[in-house]
Amino acid sequence: MINVMIEKKLKAYHGQQVLRVNRQFATGSITKIYGPSGSGKTTFLKALAGLITPEKGIIRVDAVSWFNAGAKINVPAQKRNTGFVFQQYALFPNMTVKQHLEYATTDEAWIKRLLLLGKLDTLQEHKPDYLSGGQQQRLAILRALATKPQILLMDEPFSALDAKMKMELIMELKTVIKELNITTLIVSHNPQELDGWADEEMVFE
Amino acid sequence: MDLSPIWLTLKLAGITTLILLFVGLPFAWWLSRGRSLFKIIIEAIITMPLVLPPSVLGFYLLLAFSPRHGLGKWLQEVFDVQFVFSFQGLVLASVIYSVPFMVGPIKSALQQLPSTLAEASYTLGKTEWQTFRYVLLPNIKPSLLTAAVLTFAHTLGEFGVVLMIGGSIPGVTRVASIAVYDAVEQRDYAMANNYSLILFAITFVLVISVFVFNKYQAKSPLV
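Parameters and conventions
Residues numbered from 1 in each chain as written. Chains lettered and ligands numbered in written order. Predicted model: local features only at pLDDT ≥ 70, side-chain atom pairs only at ≥ 80, totals over all residues. Helix = DSSP H or I, 4+ residues; strand = E, 2+ residues; numbered from the N terminus. Buried ≥ 20, exposed ≤ 12 C-beta atoms within 10 Å, placed from the backbone. Contact = placed C-beta atoms within 7 Å. Rg over C-alpha atoms; globule rule 2.2 N^0.38 Å. Core = buried A, V, L, I, M, F, W, Y, C linked by C-beta atoms within 7 Å. Pairing = 2+ DSSP bridges. Axes fitted to C-alpha atoms, helices over the stretch in contact; angles between N-to-C directions. pLDDT = per-residue confidence, 0-100. Right-handed = clockwise from strand over helix to strand, strands pointing away. Parallel < 35°, antiparallel > 145°, perpendicular 65-115°, else oblique. Left-handed = near helix turned anticlockwise from the far one by under 90°.

Draft legend 1. Broad picture of the overall build of chain B. Across its full length, chain B carries 11 helices and 0 strands. The N-to-C order of helical and strand elements in chain B reads α-α-α-α-α-α-α-α-α-α-α. Projected onto its principal axes, the C-alpha positions of chain B cover 65 × 45 × 25 Å. Within chain B, buried positions represent 37% of all 223 residues. Counting contacts in chain B only where the partners sit at least 6 residues apart, residues at least 24 apart contribute 71% of the total.

Draft legend 2. Broad picture of the overall build of chain A. Across its full length, chain A carries 5 helices and 10 strands. In summary, chain A has a C-alpha radius of gyration of 17 Å against a globular reference of 17 Å for 205 residues, a match within 12%. Taken along the three principal axes of its C-alpha coordinates, chain A extends 50 × 35 × 30 Å. Counting across all 205 residues of chain A, residues that qualify as buried make up 37%. Long-range pairs, those at least 24 residues apart, make up 70% of the contacts in chain A with a sequence separation of at least 6.

Draft legend 3. Just the nonpolar core, in detail. Within the largest apolar cluster, 97 residues are counted, with the highest numbers of intra-cluster contacts made by A:Ala140, A:Leu142, A:Leu153, B:Ile106 and B:Ile165. The element contributing the most residues to this core is helix α5 (residues 87–112) of chain B, with 11 residues. Those residues in contact with A:Leu142 that lie beyond four places of it in its chain are A:Leu101, A:Leu114, A:Leu117, A:Gly118 and A:Leu120.

Draft legend 4. Region of interest: the environment of A:Ile30. All names here are of chain A. Looking at the element boundaries, isoleucine 30 is found in strand β3 (residues 30–34). The spatial distance from the C-alpha of isoleucine 30 to the C-alpha of alanine 198 is 4.8 Å, given a sequence separation of 168 residues. When residues no more than four places from it in sequence are discounted, the contact partners of isoleucine 30 are Ile177, Thr184, Trp197, Ala198 and Asp199.

Draft legend 5. Expanded view of the sheet that holds strand β8 (residues 151–155) of chain A. Residue and element names in this part refer to chain A. Strand order in this open sheet of 5 strands is β7-β8-β9-β3-β10, and the pairing throughout is parallel. If you trace the sheet from one side to the other, it starts and ends with β7 (82–85) and β10 (200–203), each paired once. Put simply, the sheet's adjacent strands are angled 15° from each other on average, direction ignored. Bridge count for β3 against strand β9 (residues 183–187) is 4 bridges, and the pairing is parallel. Along β9, the bridge assignment pairs lysine 32 with isoleucine 186. In the packing of helix α4 (residues 133–146) onto the sheet, contacts are made with β7 and β8, and the angle to β7 comes to roughly 170°.

Draft legend 6. Local environment of the confidence of the model for chain A. Here chain A averages 91 in pLDDT, and 99% of its residues register 70 or above. Looking at the elements of chain A, mean pLDDT is at its lowest for helix α5 (residues 163–180) of chain A, recorded as 87, and at its highest for helix α2 (residues 97–104) of chain A, recorded as 97.

Draft legend 7. Spatial organisation of the pairing of β9(A). Residue and element names in this part refer to chain A. Taking burial as the measure, the 5 residues of β9 include 5 buried ones, the bulk of the element. The sheet contact formed by β8 and β9 spans 5 bridges and is parallel. Across the sheet, residue aspartate 155 finds its bridge partner in β9, namely valine 187. Following the backbone out of β8, through α5 and into the adjacent parallel β9, one traces a crossover that is right-handed.

Draft legend 8. Representation of the interface of chain B and chain A within the structure. With 15 residues of chain B at the interface, the matching set in chain A holds 16 residues. Breaking the side of chain B that touches chain A down by element, the ones donating at least two residues are α6 (115–123) and α7 (128–136) of chain B.

Draft legend 9. A look at the packing of helix α10 (residues 176–185) of chain B against helix α11 (residues 189–216) of chain B. Residue and element names in this part refer to chain B. In contact at an axis separation of 8 Å, α10 and α11 are set at 160° when each is read in the N-to-C sense. Comparing their axes, α11 and α10 come out roughly antiparallel. Classified by chirality, the crossing of α11 by α10 is left-handed. Mapping the contact onto sequence places Ala176, Ala179, Val180, Ala183 and Val184 in α10 and Tyr189, Met191, Ala192, Tyr195, Ser196 and Leu199 in α11.

Draft legend 10. Just unusual backbone geometry, in detail. At A:Asn181, a residue that is not glycine, the phi angle is positive and equals roughly 55°. Locating A:Asn181 in the fold gives a position in the loop between α5 and β9. Here B:Asp80, not a glycine, exhibits a phi torsion of approximately 55°, which is positive. Within the secondary structure, B:Asp80 is located in the loop between α4 (70–79) and α5.

Draft legend 11. Broad picture of the sheet that holds strand β1 (residues 2–12) of chain A. All names here are of chain A. Read from one edge to the other, the open sheet built from 5 strands follows the order β2-β1-β4-β5-β6, with strand pairing classed as antiparallel. Single-partner strands in this sheet number two, and they are β2 (15–25) and β6 (73–74). Note that strand β4 (residues 56–61) and strand β5 (residues 64–68) share 4 bridges and pair antiparallel. Residue valine 61 lies in a different strand from β5, and its bridge partner there is valine 64. Of the strands in this sheet, β1, β2 and β4 touch helix α1 (residues 41–49), which is tilted by about 130° from β1.

Draft legend 12. Spatial organisation of the pairing of β7(A). All names here are of chain A. The alternating pattern of β7 places Thr82 and Phe84 on one face and Gly83 and Val85 on the opposite face, and all of these are buried. As judged from the 4 bridges shared by β7 and β8, these two strands associate in the parallel manner. If you follow threonine 82 over to β8, its bridge partner there is isoleucine 151.

Here it is in structure tokens:
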């Protein structure tokens, strides 16, 4: 169970806005998140991952406190074991597809399975510059899964995929996420694409 | 023709570039992260050699490291090291004088990388050092090369600062730029021309190499 109760100031064009989240996420659940641009969806994911520090509140994962502003607890991003799919992919230009996964894990069998899952096994030696947008996005998803994370945070993870590839990838992801019992949060501008998969939804105003 | 000033110049430029690579890299990384008043002041200080007359810098270094008093005296007494009129003095002056040429391009390159690159690495459990070594550093290679070559070339061209702290001792502190000056003073224009041509050729090859390398990286070294 993830227990989140945080406050974080957001920079907005028309002055300042405060992101307030008070929410629980069951272990292994899949939550789709949607709402207008600038409502703090990405900020929320980054706060969970430890990449942004909220001003107030707590984040507890099972019995472990990841963040507690009052007690000055803030577990670094490196120790949270979250997988993060960035909206702009954030792939490493100097690394090939395989090197991305090898940077994250030494488990060769897992790397092989991920490459097959993302249909990138024939492009292992390619660097991001030589991949299409959809291939780059799939690599970003595979990299996030490479560490077998406890929580998977995905920011618009399917925006560059065609409908067929999206459906196939979601099918595969379902299996892996269920197998590893990963709690998953997915930000999407098209929440219908997650119908029948996500158990919960969260709307940002 | 006495080639020792040329070798001394190349040795000085090589050592200065190596030292600045080791010192400048972590320093540029530190400067590229966040922005505090303290960092702004430090950045202003290391930029000073760009605008300060080299003779002014050389004069203050001469005062600071004079073996007669203060820091220079202490260094001489405790470590038996003398920075005035010695090769190590030239190295120290060159390192200080060329700091902005090494730190500036590297810092700008690090700041231009998207912050999500480092963030992605952190979420994979990597430390800041691992992130710097395996993600950030390989992605600023062209700027790293530009910084190293600019530092090397700038050290080749030093005159005022090395003259002030090193003088013109043959084989010890008489670098090529000073040899040119000495030759002109003695009206030996042929010798001055020889040294000048060699310096010109080395610098030109260096600069053109960077332009050619960066052409393939689709990046101008002046950016």
